[in-house]
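What the coordinates show
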Amino acid sequence: MAMALGFATLSPASGGVPRRVVERSANVSARVISTRFIFKTEPGTNTQTPAITSGSGITQADWWLFAAQDDSTLVAVKGTDGALEAVRVFPSVDGSDRFSDVYGNKKLKPDLEAALTIPVASGFARGFGVEVSRNRPTVQAVLLVGSGSKAVLRDRMALIFPKDPVAESMAIPVQASALYEAMRREPALVGTEGELNIEGVSLVRGNSCLRFYNRGNGRKGSVVGSVDIRLDALLGYLVKASKDPKEPFTPRFERRVSYDLGLAEDGETIGITDAITIPPLPGAPRGMRGEIHAMSVVVEHTKSAVNDGYTSDAGIVLELPDGRLVMAPFRGIEGAGSLKVEGLSIVSARWVGRTPQLEINFVAVTDSDSKDIETPSTLAKVEVVFRP
């Protein structure tokens, strides 16, 4: 039996996991203002080539913008001077750094699906081998997270500790098998018979925890859900696992939740492709004075967590401080409703007006899933407005 909790609707899910049900609300809108292909110009020429081909995450650390790619062992980095560079996070596989059906090696791709900037306590940073001055309690790192949709190759994470010049940044790959195996046993993420496919990770609860979101596509029984892991506990595990891939995972999952985001017309599940947290902001009305969690969503019409399909029902979901989930479809440019946003980064967020409304501007990276390996990803400008 469903019950009301504030404005949220909770009902039992598999494994006794609470379920939050989304409402489509006219009080929230999501407009795609523009998109542009991400090209780079080859030195000394006017030739443009794709800079990113399967964008899967985007985050800013210091003055660099990091963009993860699910089809590469490299991460693209753009500085304030406009220069585009690459940082290696995993070794090449059979001499390849790009993976595609065209090359016949897609099954070997690392499938990095989330990128976010996290604070790392100096003690943990030193555990990773990073030099940190004694007067710095924390340093920034970019955390990259594999989907876990296939064991071993996709059960990997990496941390990048940025440095100027970018080429001197330290990248720490981690085989996090025990963590992913624990997630594959977690009902909030896989239900009873579903597949794991982590697509979003965000800092939550005042930066004390990381929330891992499962997309929910895949075979019958797959679920959309999330769990929280204490940041310090996860970093402690990753330090040890970076030295010993067999390190057991002992931290517990907290705030286990499943989400009912609805279905497309053909019955396919609307799933989460990325998530980011808007911290408490000044001027918020009563009931809104807390974290707001933004999630990009889409339907990918495929029965597999590892195969691509055509997309529809793209949009944004906001999880509000009062517990509600509200959804808005993408509007604006032609094709907005099928835009597969894979990474969100906040440009600005503020409450405005005498009767406050929340205005959020995002830059988003998309994945076209094109069969043409020379089709680049796009950067999109997205404006979200919420009126309580």
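1. Examining the sheet that holds strand β11 (residues 84-88)
The 4 strands lie next to each other as β8-β9-β10-β11, forming an open sheet whose pairing is antiparallel. Edge positions in the open sheet fall to β8 (55-61) and β11, since each of these has one partner strand only. Strand-to-strand twist in this sheet, taken as the mean axis angle between neighbours without regard to direction, amounts to 25°. With 6 bridges joining them, β8 and strand β9 (residues 64-69) adopt antiparallel strand pairing. Across the sheet, residue T59 finds its bridge partner in β9, namely F66.

2. A few points about the sheet that holds strand β15 (residues 170-175)
The strands making up a sheet associate through hydrogen bonds between their backbones, and the pairing can be parallel or antiparallel. Overall, antiparallel pairing links the 4 strands, which are arranged β12-β13-β14-β15 in an open sheet. Every interior strand has two partners, whereas the edge strands, β12 (112-121) and β15, have only one. On average, each strand axis in the sheet is inclined to that of its neighbour by 20°, with strand direction left out of account. With 6 bridges connecting them, strand β14 (residues 156-161) and β15 associate as antiparallel partners. If you follow M157 over to β15, its bridge partner there is V174. Running at roughly 130° to β14, helix α2 (residues 177-184) makes contact with β13 (138-146), β14 and β15 of the sheet. Where helix α4 (residues 231-241) meets the sheet, it contacts β12, β13, β14 and β15, and its direction lies at approximately 105° from that of β12.

3. Regarding α4
Across the 11 residues that make up α4, a large majority, 8, are buried. Looking at α4, one finds that the buried residues are L231, L234, L235, G236, Y237, L238, V239 and A241.

4. Considering the nonpolar core
Residues I118, L159, F161, L179, L210, F212 and L238 are the most contacted members of the largest nonpolar core, which totals 43 residues. It is α4 that contributes the most residues to this core, 7 residues altogether. Discounting chain neighbours no more than four positions away, the residues touching L238 are F128, L143, M157, L159, V174 and A176. Of all hydrophobic cores here, the second largest spans 30 residues; its members include I292, I316, A336 and L339.

5. Re the pattern of salt bridges
Taken as a whole, this structure holds 21 salt bridges when the rule is applied. Here R88 and D97 are joined by a salt bridge, their closest N and O atoms 2.7 Å apart. Its salt-bridge partner being D111, residue K109 comes within 3.6 Å of it at the nearest N-O pair. Overall, K109 belongs to the buried group, its relative accessible area being 7%. Overall, the relative accessible area of 4% leaves D111 in the buried class.

6. Quick look at the confidence of the model for the chain
Chain-level statistics for the chain give a pLDDT mean of 90 and a share of 91% at 70 or above. Confidence over residues 1-8 falls short of pLDDT 50; this stretch has 15 contacts with residues more than four positions distant or in other chains.

7. Observations regarding a negative patch on the surface
Negative charge collects at one region of the surface, where D81, E85, D164 and E168 lie side by side. Topologically, D164 is positioned in the loop between β14 and β15.

8. Considerations on the packing of aromatic side chains
Within the structure shown, the criterion is met by 5 aromatic pairs. Between W63 and W64 the ring centres are 5.2 Å apart and the planes differ by 45°, which places this aromatic pair in the tilted class. A relative accessible area of 45% means that W63 is categorised as partly exposed. On the basis of relative accessible area, W64 is assigned to the buried category, the value being 6%. Between F249 and F253, the ring centres sit 6.0 Å apart and the planes meet at 35°, which makes this aromatic pair tilted. The class for F249 is buried, based on a relative accessible area of 14%. Put simply, the rings of Y237, F249 and F253 touch in pairs and so form one group of aromatic residues.

9. Things to note about unusual backbone geometry
Glycine aside, residues mostly have negative phi, and peptide bonds are mostly found in the trans state. Cis peptide bonds are those with omega within 30 degrees of zero, and the linkage from D164 to P165 qualifies with 0°. Mapping P165 onto the fold places it in the loop between β14 and β15. Phi at D111 is positive, roughly 55°, even though this residue is not glycine. Along the chain, D111 falls in the loop between β11 and β12. In the Ramachandran plot, D313 falls in the positive-phi region, its phi being about 60° despite a non-glycine side chain. Checked against the element boundaries, D313 lands in strand β22 (residues 311-319).

10. Description of the pairing of strand β10 (residues 74-78)
With 3 bridges connecting them, β9 and β10 associate as antiparallel partners. Within the sheet, the bridge partner assigned to L65 lies in β10 and is K78. In this antiparallel pair of consecutive strands, β9 and β10, the connection spans 4 residues. In textbook terms, the turn of a hairpin is the stretch between consecutive antiparallel strands, and for β10 and β11 this stretch comprises 5 residues, one of which, G82, has a positive phi near 85°.

Cut-offs and rules
- Residues numbered from 1 in each chain as written.
- Predicted model: local features only at pLDDT ≥ 70, side-chain atom pairs only at ≥ 80, totals over all residues.
- Heavy atoms only, no water.
- Pairing = 2+ DSSP bridges.
- Helix = DSSP H or I, 4+ residues; strand = E, 2+ residues; numbered from the N terminus.
- Axes fitted to C-alpha atoms, helices over the stretch in contact; angles between N-to-C directions.
- Contact = heavy atoms within 4.5 Å.
- Buried < 20%, exposed > 50% of the residue type's maximum accessible area, 1.4 Å probe, protein only.
- Core = buried A, V, L, I, M, F, W, Y, C linked by side-chain atoms within 4.5 Å.
- Salt bridge = Lys/Arg side-chain N within 4 Å of Asp/Glu carboxyl O.
- pLDDT = per-residue confidence, 0-100.
- Patch = residues over 30% accessible without salt bridge, like charges linked within 9 Å, V, L, I, M, F, W, Y side chains within 5 Å.
- Areas by Shrake-Rupley, 256 points an atom, 1.4 Å probe, with all protein chains shown as cover.
- Lys, Arg positive; Asp, Glu negative; His and termini not counted.
- Charge placed at Lys NZ, Arg CZ, Asp CG, Glu CD.
- Phe/Tyr/Trp six-rings, centres within 6.5 Å; stacked < 30°, edge-to-face > 60°.

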